[in-house]
Amino acid sequence: MSESAEKQGEFVDRRVAFLGVGMMGEALLSGLLRSGDPTRIVVSDHSAERQAQVAEKYGVQSATTAEAVAGATTVIAAVKPPDMGALLDEIAAGLEPGALVISVAAGITTAYLEAHLPEGTPVVRVMPNTPALVGEGMTAISPGTHSESRHLAAAQDLLSSSGTVISVPESKLDTVTAISGSGPAYVFYVVEAMVEAGVLLGLPRDTSTELVVQTLYGAATMLKETGDHPSLLRERVSSPGGTTIAALRQLDDHKVRAAFLTAMEAAARRSAELASDQG
């Protein structure tokens, strides 16, 4: 084994503490367990009921925050942005020297994380999304000031079990949040509308749902496997004077494309504001 692999193993093969096991925390946990050993994972949550539920469901250890952090070489902080400051202050004293801290909170910068942790603590900021729950997540990661290549590699290794992982400059993470972090909600929103349209046009809800979901899956698979630009794929479906072009005309008339751009700008702006809200 190479020296770099051994150093990465410091983080990958030892105790991992999950602090916060809400929707996103559970999604990452379930992904990690696809390729990891549950006996080396410990979870903690502000809700004792939720903590016990997740621990039982996945067969992992359950502990208080202080107990979870003790001896952990990797700490995954997956609490909501407003709760991050208090959590970091709580764990700072008990953090193992050299432990890697991975933050999942939208808008919380690596500078903020480092300011609340012992000097020199390696931190990695990540923006995953909920499809990690089914192994199809999209996660972007950015290193902090004290993170070396081995820390970034360890974070990538841990998160890759939940889907695709890419490294981006931290300055782009608010944009990533708007695109892939919040993106599943946009997709579910559109799916919901399409299903309702099917019901309105006389289909049973389960039939409409099956049609929409498989159409979405097939379209996404085409995008990924062909590598063709979405405009080209759209044009192949849009026969002159046909049904598709009539529908797309209505979407353009209602400025749906512009609405998506505005919505995603709002998401990116809110992500940036979350950092400011922390002071």
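Residues numbered from 1 in each chain as written. Predicted model: local features only at pLDDT ≥ 70, side-chain atom pairs only at ≥ 80, totals over all residues. Heavy atoms only, no water.

1. Some words on the confidence of the model for the chain
Part 1 of the argument: Looking at the chain, pLDDT values average 90 and 93% of them are 70 or higher.
Part 2 of the argument: Between residues 1-9, whose pLDDT stays under 50, and residues either more than four places distant or in other chains, the model counts seven contacts. (pLDDT = per-residue confidence, 0-100. Contact = heavy atoms within 4.5 Å.)

2. Quick look at the sheet that holds strand β6 (residues 123-127)
Part 1 of the argument: Spatially, β3-β2-β1-β4-β5-β6-β7-β8 is the arrangement adopted by the eight strands of the open sheet, whose pairing is mixed. Every other strand in the sheet has two partners, leaving β3 (61-62) and β8 (163-167) as the edge strands with one partner each.
Part 2 of the argument: Pairing analysis gives two bridges linking strand β2 (residues 41-44) to β3, with the strands arranged parallel. In the strand pairing of β3, V42 is matched with Q61.
Part 3 of the argument: Its contacts with the sheet put helix α2 (residues 23-33) on β1 (16-19) and β2, and the angle it makes with β1 is roughly 160°. (Pairing = 2+ DSSP bridges. Helix = DSSP H or I, 4+ residues; strand = E, 2+ residues; numbered from the N terminus. Axes fitted to C-alpha atoms, helices over the stretch in contact; angles between N-to-C directions.)

3. Describing the pattern of salt bridges
Part 1 of the argument: Under the defined criterion, the tally for this structure stands at nine salt bridges.
Part 2 of the argument: For E148, the salt bridge identified is with R150, shortest N-O distance 2.9 Å.
Part 3 of the argument: Given the relative accessible area of 43%, E148 is considered partly exposed.
Part 4 of the argument: Between R270 and E273 there is a salt bridge, with the nearest N and O atoms lying 3.3 Å from each other. Highlighted residues: R270 and E273, both in helix α13 (residues 256-277), separated by three residues, approximately one helical turn.
Part 5 of the argument: What makes R270 partly exposed here is its relative accessible area of 40%.
Part 6 of the argument: Taken together, the shared-partner salt bridges connect E26, R50 and K57 into one network. (Salt bridge = Lys/Arg side-chain N within 4 Å of Asp/Glu carboxyl O. Buried < 20%, exposed > 50% of the residue type's maximum accessible area, 1.4 Å probe, protein only.)

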